[in-house]
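# Structural characterization, general
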Amino acid sequence: MKNEVLRMEHVTVVQSDMILLNDFNLHIFQSEIMGLVCINTNGQNAMLQLLSQNAPIQYGRVYFNEKLVNSYQHSPMTMNKVAVIEQKSRLIENLTVADNVYVMRFGFKKYLINSKVLEEQLRRYTQDAGIDLDGSRLVSSLTPYEKCVTELLRAVVMGAKLIAIREISNVLSTTDLLKFHSLLRYYCGQGFSFVYICSHHEEAFKVCDRMAIMRDGKILRVLGRDQFNNENIAPYYIGEFAKVKREGLSVISDKGILTFEDVCTEHMRSLTFTIVKGESTVLLDMDNAIIQDIIGLMNGQLYQHSGKIYLKNELYTQKLAKHSLKYGVAFIQENPISTMLFPDMSYLTNLCFLVDKKRNPIRLSKRVINSIAQEYEPLIGSAIYQTDIRKLKLQSLYDLVYYRIHICKADIVFCVQPFANADMYLRRHIIELMNQLKKQGTTVVILATNIADSLAVADKLIIVSKGTFQAEYPREDFYLFNSESIIL
Amino acid sequence: MTGALFAFIFALLIFISILAVQGYIGIVYVLTGYASMGLLLFVYYKWIYEPYRENAKVLQLFAAGYTIDALFDRHITLSPEMDKVIEKVQEIMETYEILNATKKQAHYLALQNQINPHFLYNTLEGIRGETLSAGLDNVAKMTEALATFFRYTISNVENLVTLEDELKNVNNYYIIQQYRFGERLSLSVEYDAQDEIEIMSCRVPKLILQPIVENAIYHGIERKIGEGKVRIKIESTAKRLIITVSDNGVGMTEDKLQEINDRLKGMPLDYIKPENEKHGGIAITNVNSRIKLLFGEEYGICIYSTLNVGTDVEITLPKITERNQVLYEK
């Protein structure tokens, strides 16, 4: 007999005439990791909110431990014993791990706090779970993995019956993710239940006992562990990617456009690799350590302790790197919508932002802007004339980010975690945008901490572990990663 | 109305504040005024607005055809007259329900008499004997399955049976279908082996599984090219029995699925209406309505389906054991 921790039955949530959850059905048993693979993000927030608090619903019922806690007839607004761990940490940075775990939780009533007692109590938990984490450390000094572990410990100490894990692979490296998965399994054995929300089925396959596929606030199908295979996912998920046409190499060359030769920084240890011109390369950083160093070295904000960097067979110094765009080096940051766009500027002004800073700069005049608008309108559509970009859909904003680089005709573009926080439809769109850059002859380098989706656009995979080169795989060997990523 | 009340309270608070600023009244009066207004708002929200909203929602859902139980299961009474009206509605509905159930039962008995089960069983046994003597083992096996299937379907008239009996009946049905589909059709039943005795002794309404399996075969697998699999997965919790019948057939479109799920969510009496018989999925609607009528709206069927992938029918039932069976039969 199983213990049912959560049951959501025909739950329908409507807000401002928008259906957020549509006849949503989900049940989770004790000691189970239930995957929730979201094809799009619609309804995700509403579902998590409903897990935490028994807020009014249009129709349906919610049961916790087989007890009715919320129904369309009566929503008591009470809180449920549910913890949510997501990308954005809910910890207080200036407090210690022990304080965050014990003091900052519901039900803590002590007025005098003895740090040593708390740390000792925490040590018992960490020792049992095999976690190497000092309770006296400040949260601000923790790595993303350690922060996730702290949040998990807080949930465990709080006695949360259900812990929701949401999109953590965006902040955790591949190695850390594996460690975190084994922790989840450990706590599963202790009777805790998890709902593991992610966008990649490959990720859910690795850790979940069952998996539900969700789209537009509705569960499409529930799969048992014995049904975890790409064939069962294809109609919902991979099938969409099949529509994407893979872009072949536009420049056939064996010359390296970028070479790192024994480069050492704080996190790099004699890193050596070569990116070939025209090839899309995924640089997989297993420990989420060197991505920022690579960006820093390429834009001149960081100087290597030793080693050399060659760009188009010429030494690429910090001085040159400070004017990276002039030398054909461009960047697309993680979450580019919030980091690379100017919401108060029009679409066209945003689009032309780098035109006068690129190699062979063009002075921006009305004539130039009109000419750009005419050239890009067939690709972008009428959104190009939008004056308030806040009114645009996410896909149009991604168009803006990628076509801004397209206009610059950069030789090489570094995309940092391009698929992070993007739902399946957006990820497919990003692949198409990358293909546009590739078609133009731009070398695309994807800096990622996990390879899901990246291989769909890549020609080569370079794996970096502990700051040093580990392996290189050409496209022909991508089948080795079938269980990790979609390969077109 | 609410807007006007809030505007009045707000104006009153401003008026009190102005009087306080001009020195006509002391700060204690102002604070008392604010506290009283706060209390008044709280009382209004908790005792008037919230019950009104909950009642309005229940009435809307009843009118939309989503619920019956909620109408009779309200926590708050609006007025004694309203309560009497609802009581009367309940009375009328029960009569209507009994009337329909009686009609159905009469129809069912008439059918049963027409068939004359003993005559049918004897004939089938006769055929079986003949085929065995002729060495036609397959036909004998098929006839035996058919006789057992009819005996279970027609003869036993009790409401609740053990899950084991229900599964045996499904297996008989599968044996009969196998003669038609051959190797193309496979059936598997999955449950936790540790809980076998407990699961198998659970009581379920009679004939809830076979119609679902029949649907899976006729609407899902029959039209599919290649091997068809039907899987029955049984899970039990402290209070519920969850049975999932999955097939890898042709599935259905999103619109069709929405239509069926909406119908399943609706009132359990809807299926009796003759106009509903025009649409497909009668068997599922019928099983769902029986479950809801027997055990309440929180139980029933939910369907997941994707075109060209397959369909999962999830049946949620209360966990009825030999011990608590009497409670449900009452």
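Residues numbered from 1 in each chain as written. Chains lettered and ligands numbered in written order. Predicted model: local features only at pLDDT ≥ 70, side-chain atom pairs only at ≥ 80, totals over all residues.

What follows is about the interface of chain B and chain A. The extent of an interface is frequently quoted as the accessible surface area lost upon association of the parts. Each partner contributes residues to the interface: chain B has 24 residues there, and chain A has 20 residues. Broken down by secondary-structure element, the contributors of at least two residues to the side of chain B that touches chain A are α2 (27-64), β4 (228-236), α10 (254-265) and β6 (300-306) of chain B. Per-element accounting of the side of chain B that touches chain A gives the leading share, 4 residues, to α2(B). Looking at side-chain class alone, the side of chain B that touches chain A contains 8 nonpolar, 6 polar and 10 charged residues. (Contact = placed C-beta atoms within 7 Å. Helix = DSSP H or I, 4+ residues; strand = E, 2+ residues; numbered from the N terminus. Nonpolar A, V, L, I, M, F, W, Y, C, P; charged D, E, K, R; others polar.)

So, on to unusual backbone geometry. Residues and elements named next belong to chain A. Phi at Met77 takes a positive value of approximately 65°, unusual for a residue other than glycine. Along the chain, Met77 turns up in the loop between β5 (67-71) and β6 (82-86). The exposure class assigned to Met77 is exposed, which follows from the 9 C-beta atoms found within 10 Å. Phi is positive for Asp216, which is not a glycine, with a value near 50°. Relative to the assigned elements, Asp216 resides in the loop between β9 (210-215) and β10 (218-224). Exposure remark for Asp216: the 16 C-beta atoms within 10 Å place this residue in the partly exposed category. (Buried ≥ 20, exposed ≤ 12 C-beta atoms within 10 Å, placed from the backbone.)

Within a beta sheet, neighbouring strands are joined by backbone hydrogen bonds and run either parallel or antiparallel to one another. All names here are of chain A. The strand order across the open sheet built from 4 strands is β12-β11-β14-β15, with neighbouring strands paired in antiparallel fashion. Looking at which strands have only one partner, the edges of the open sheet turn out to be β12 (271-276) and β15 (314-315). Where strand β14 (residues 306-311) meets β15, 2 bridges bridge the pair, whose relative direction is antiparallel. In the strand pairing of β15, Leu311 is matched with Glu314. (Pairing = 2+ DSSP bridges.)

This part takes up the domain arrangement of chain A. Residue and element names in this part refer to chain A. Domain annotation of chain A identifies domain 1 (4-242) and domain 2 (256-481). The C-alpha-based centres of domain 1 and domain 2 are spaced at 33 Å. Contact residues are listed per partner, giving 20 residues for domain 1 and 15 residues for domain 2. The leading source of residues in the side of domain 1 that touches domain 2 is helix α5 (residues 174-189), at 4 residues. (Domains from an automatic or database assignment.)

This brings us to the nonpolar core. All names here are of chain A. Grouped together as the largest cluster of nonpolar side chains are 105 residues, with contacts concentrated most on Leu162, Ile163 and Tyr196. Element by element, the count of residues in this core is highest for helix α4 (residues 144-158), at 6 residues. With sequence-adjacent residues up to four places away left out, Tyr196 is seen in contact with Ile33, Met34, Gly35, Leu36, Ile165, Ala204, Val207 and Cys208. In this structure, Ile294, Leu351, Val413 and Ile446 belong to the second largest nonpolar core, which totals 70 residues. (Core = buried A, V, L, I, M, F, W, Y, C linked by C-beta atoms within 7 Å.)

Here we take up the packing of helix α7 (residues 163-181) of chain B against helix α9 (residues 210-221) of chain B. Residues and elements named next belong to chain B. Remark: α7 packs on α9, axes separated minimally by 9 Å, with the N-to-C direction vectors making an angle of 30°. Comparing their axes, α9 and α7 come out roughly parallel. The two elements α7 and α9 cross, and the hand of that crossing is right-handed. Residues Asn169, Val170, Tyr173 and Gln177 of α7 lie in contact with α9, whose contacting residues are Gln210, Val213, Glu214 and Ile217. Its residues assigned to classes, the contact of α7 with α9 comprises 4 nonpolar, 3 polar and 1 charged. (Axes fitted to C-alpha atoms, helices over the stretch in contact; angles between N-to-C directions. Parallel < 35°, antiparallel > 145°, perpendicular 65-115°, else oblique. Left-handed = near helix turned anticlockwise from the far one by under 90°.)

The next thing to look at is helix α13 (residues 366-380) of chain A. Along α13(A), the sharpest kink reaches roughly 30°, centred on A:Gln374 and followed within four residues by the proline A:Pro378. In terms of burial, α13(A) is largely open, as just 1 of its 15 residues are buried. (Bend = angle between axes of the 7 residues up to and from the residue.)

Moving on to the packing of helix α14 (residues 394-408) of chain A against helix α15 (residues 424-440) of chain A. Residues and elements named next belong to chain A. In the contact formed by α14 and α15, the axes pass within 10 Å of each other and the chain directions differ by 15°. It follows from the interaxial angle that α14 and α15 lie roughly parallel. Crossing hand, α14 versus α15: right-handed. Residues Leu394, Gln395, Tyr398, Asp399, Tyr402, Ile405 and His406 of α14 pack against Leu426, His429, Ile430, Leu433, Gln436, Leu437 and Gln440 of α15. Partitioning the contact of α14 with α15 into residue classes produces 8 nonpolar, 5 polar and 1 charged.

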